[in-house]
Amino acid sequence: MTGVIEKIGIPPVKAKPSPDTNLESYIQQTDDGLCGMRLLVDGMHCAGCQNRIESRLEKIRGVVEGRVNLTARRLSLTWQPTLVDVQTIIADIEELGFRLIPFNPEKLSSDFDQTRKRLVRAMAVAGFAAANIMLLSVAVWAGLAQDMQPATRSLMHWVSALIAVPAVAYAGMPFFESAVAALKGRRVNMDVPISLAVLLATSMSLIETARGAEHVYFDSATALLFFLLIGRFLEQGARGRARSAVEHLLALNATAVTVLNADGAVRPISPEEVRPGMRVLVPAGGSIPVDGQVLDGVSDIDGSLITGESIPVTVREGGTVHAGAVNLTAALTIEVAAAGNDTLLAEIGRLLEAAEQRRARYVDVAARIVRVYAPVVHILAAVTFLGWFFLGAAAWQDALLTAVAVLIVTCPCALALAVPVVQVVAANRLFRQGILVKSPTALERLARIDTIVFDKTGTLTEGLPKLLVDGAWTQQDLRTAASLATVSLHPLARALTDMAPAVPAANNVEEVPGHGLRRVVGGGEFRLGRGDWCGATESASDLPELWLAQPGRDPVRFAFIDTIRGDAVETVRALRNDGMAVEILSGDRPAAVARVADALAI
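Residues numbered from 1 in each chain as written. Predicted model: local features only at pLDDT ≥ 70, side-chain atom pairs only at ≥ 80, totals over all residues. Heavy atoms only, no water.

1. Some remarks on the overall build of the protein
No. 1: Of the regular secondary structure elements, the protein holds 20 helices and 22 strands.
No. 2: With 602 residues in all, the protein has 46% of them scored as buried.
No. 3: Accessible surface, the protein: about 29300 Å² in total, of which carbon and sulfur atoms supply 59%. (Helix = DSSP H or I, 4+ residues; strand = E, 2+ residues; numbered from the N terminus. Buried < 20%, exposed > 50% of the residue type's maximum accessible area, 1.4 Å probe, protein only. Areas by Shrake-Rupley, 256 points an atom, 1.4 Å probe, with all protein chains shown as cover.)

2. Brief notes about the packing of aromatic side chains
No. 1: Under the defined criterion, the tally for this structure stands at four aromatic pairs.
No. 2: Aromatic side chains Phe-385 and Phe-389 sit 5.9 Å apart centroid to centroid with 10° between the ring planes, which places their arrangement in the stacked category. In this pair, Phe-385 and Phe-389 both sit in helix H12 (residues 361–390), four residues apart, roughly one turn of the helix.
No. 3: Residue class for Phe-385 comes out partly exposed when judged on its relative accessible area of 24%.
No. 4: Residue classification places Phe-389 among the partly exposed residues on the basis of a relative accessible area of 34%.
No. 5: Ring plane angle 75° and centroid distance 5.1 Å describe the contact between Phe-389 and Phe-390, whose orientation is recorded as edge-to-face. (Phe/Tyr/Trp six-rings, centres within 6.5 Å; stacked < 30°, edge-to-face > 60°.)

3. A short note on the sheet that holds strand E11 (residues 313–315)
No. 1: What the three strands build is an open sheet, ordered E11-E10-E13; its pairing is antiparallel. Both edges of this open sheet fall to E11 and strand E13 (326–327), since each of them pairs with a single strand only.
No. 2: Alignment of strand E10 (residues 299–302) against E11, held across three bridges, turns out to be antiparallel. The residue bridging Ile-301 from the neighbouring strand is Val-313, located in E11. (Pairing = 2+ DSSP bridges.)

4. Notes on unusual backbone geometry
No. 1: Positive phi, normally seen in glycine, also occurs at Asn-508, with a value near 60°.
No. 2: Mapping Asn-508 onto the fold places it in the loop between helix H18 (491–499) and strand E17 (509–512).
No. 3: Its relative accessible area of 68% is what places Asn-508 among the exposed residues.
No. 4: Despite not being glycine, Ala-601 has its phi angle at roughly 55°, a positive value.
No. 5: Among the secondary structure elements, Ala-601 is positioned in the segment after helix H20 (590–600).

5. Section: H18
The α-helix winds at 3.6 residues per turn, so residues separated by three or four positions along the chain end up facing the same way.
No. 1: When H18 is considered as a whole, its buried residues turn out to be Leu-492, Ala-493, Ala-495, Leu-496 and Thr-497.
No. 2: Each element contacted by the buried residues of H18 is listed here: strand E16 (461–467), helix H17 (475–485), strand E19 (524–529), strand E20 (545–549) and strand E21 (556–564). (Contact = heavy atoms within 4.5 Å.)

6. Things to note about the pattern of salt bridges
No. 1: Scanning the model with the defined rule gives 15 salt bridges in all.
No. 2: Here Glu-545 makes a salt bridge to Arg-557, at a shortest N to O gap of 2.7 Å. Of this pair, Glu-545 sits in strand E20 while Arg-557 is found in strand E21, placing the two residues 12 residues apart along the sequence.
No. 3: With a relative accessible area of 21%, Glu-545 lands in the partly exposed category.
No. 4: Ionic pairing is found between Arg-565 and Asp-567, a salt bridge with its closest N-O pair at 3.5 Å.
No. 5: Taking the relative accessible area as the measure of exposure, Arg-565 reaches 33% and is therefore partly exposed.
No. 6: Each of the salt bridges in this network shares a partner with another, and the network as a whole consists of Glu-510, Arg-518, Glu-525 and Arg-527. (Salt bridge = Lys/Arg side-chain N within 4 Å of Asp/Glu carboxyl O.)

7. What to know about the sheet that holds E19
No. 1: The strand order E16-E21-E20-E19-E18-E17 describes an open sheet built from six strands, whose pairing is antiparallel. Strand pairing shows two members of the sheet lacking a second neighbour, E16 and E17, which therefore form its edges. Along the sheet, successive strands turn relative to each other by an average axial angle of 20°, direction set aside.
No. 2: Running over the sheet, H17 touches E16, E17, strand E18 (516–521), E19, E20 and E21 and is turned about 80° from E19. (Axes fitted to C-alpha atoms, helices over the stretch in contact; angles between N-to-C directions.)

Written as structure tokens, this is what we have:
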């Protein structure tokens, strides 16, 4: 998408009556009167399928945009409700042999698991059959060179047939179903030549067995199925690891929301039930599930997921908060301004989704090749059969066997095996190094990059504040501050306690949201928090800091830094040596970013 369905959340559109009321609940309306919807495409296995769907959508009047994510098997659709309704669009695509259902992440996960289990069962059946038939075939091959009688050979062939026929019928279903759906849609996909080759090899072997011939090919049919199923299973695994970053992002808000009723009673509801105007209670330590305005409470908010700011900010009545931020120090009551697909977090998700759906040049080239691949394979097989048979070079059995060989040799083993294997190996290796590959074209595009843009927090730096040993405090000051900080979830307080882990927690410590921690004892009051609250003069430093106020002493300053990762310098140097330009793009404070940039010479 290109921003067309970015502002989603208005109640479902009912431009035209739809017999499927459940379908209507998934339709989303934009500010400019367009409708948007995400659909799961069942039966799509290759770039050719993707190209056919998008080509058909381009021809439907009223469709503004339709982009297919091949990895996630998801269609993002935008249309003008005054020109076409979604039922018409779905019916048009289903004529091609695909099935479209509203996108539901939970159902997608369930379907994904079921598909993998089905492939495992089919793979087990095909592997069992291929191994046992191969043993029988070895005996037959040995017998052909010795003194095996025709009756014994025929018995071996019939036993192989008893194993192969049910195995092919069961293990071949993932390919057969896809091929039948494609043919019903008057098209061919890569599963058609696979299915044709396996069925012809099995049928011809049955005929040869009935004739008492010397050679049958049950072992070839089952072994081919076994290796192709391995490829399909690896492909599913690659898709699972390349799950959309959008789903992971939106999963941050997949928890129950606590709503405050008018009478003050609280009740948990699902995120889908939240509506603008509701009041939501977010406890300390909880994730904020909505965009809204603070009605009551003062707290520190960790918004690094949204803004990249490494230091929590204080919010109070009237302040704005966004979904995905973490409430650190005190409970907040928030009036909902946006929920679900209307939140800023969802907006980021849609931008990521749009990025995922972009194609590289080589993908478009592959899509054009795939468009003619299957027809060319079938034509070659047909010409082979006719040439061998009508030119009198061979009997029909030999001609058909040669045509089947053409189908098997030209069936997309490279696409069904090599590509998923390479993708899985590369994705696994990168994942072990902390890199998530979320786009199927990322690796091919990686070869053409000339600029590296790093985030700062958690990428070039450790992402956690660390107490700076600058001589401004003593060990006794640290122990006193750490005894107060133990009760707080604030990142700076946690950094203090990490430096003095053996210090026991102080009693009767009160957390004052937006200010810090306070403890009143007989000798006076101890405070740990903001400088102005602790009586400190304004600091000229731009470092994050906490101040400790003690009875009868000047305030003590604790400064913190986000330490640079140990391998950052070496990494930046290596990239420069490879001719890359290196930059930083961060949501943190300019001074904090400049400090890291200077240290790394970026």
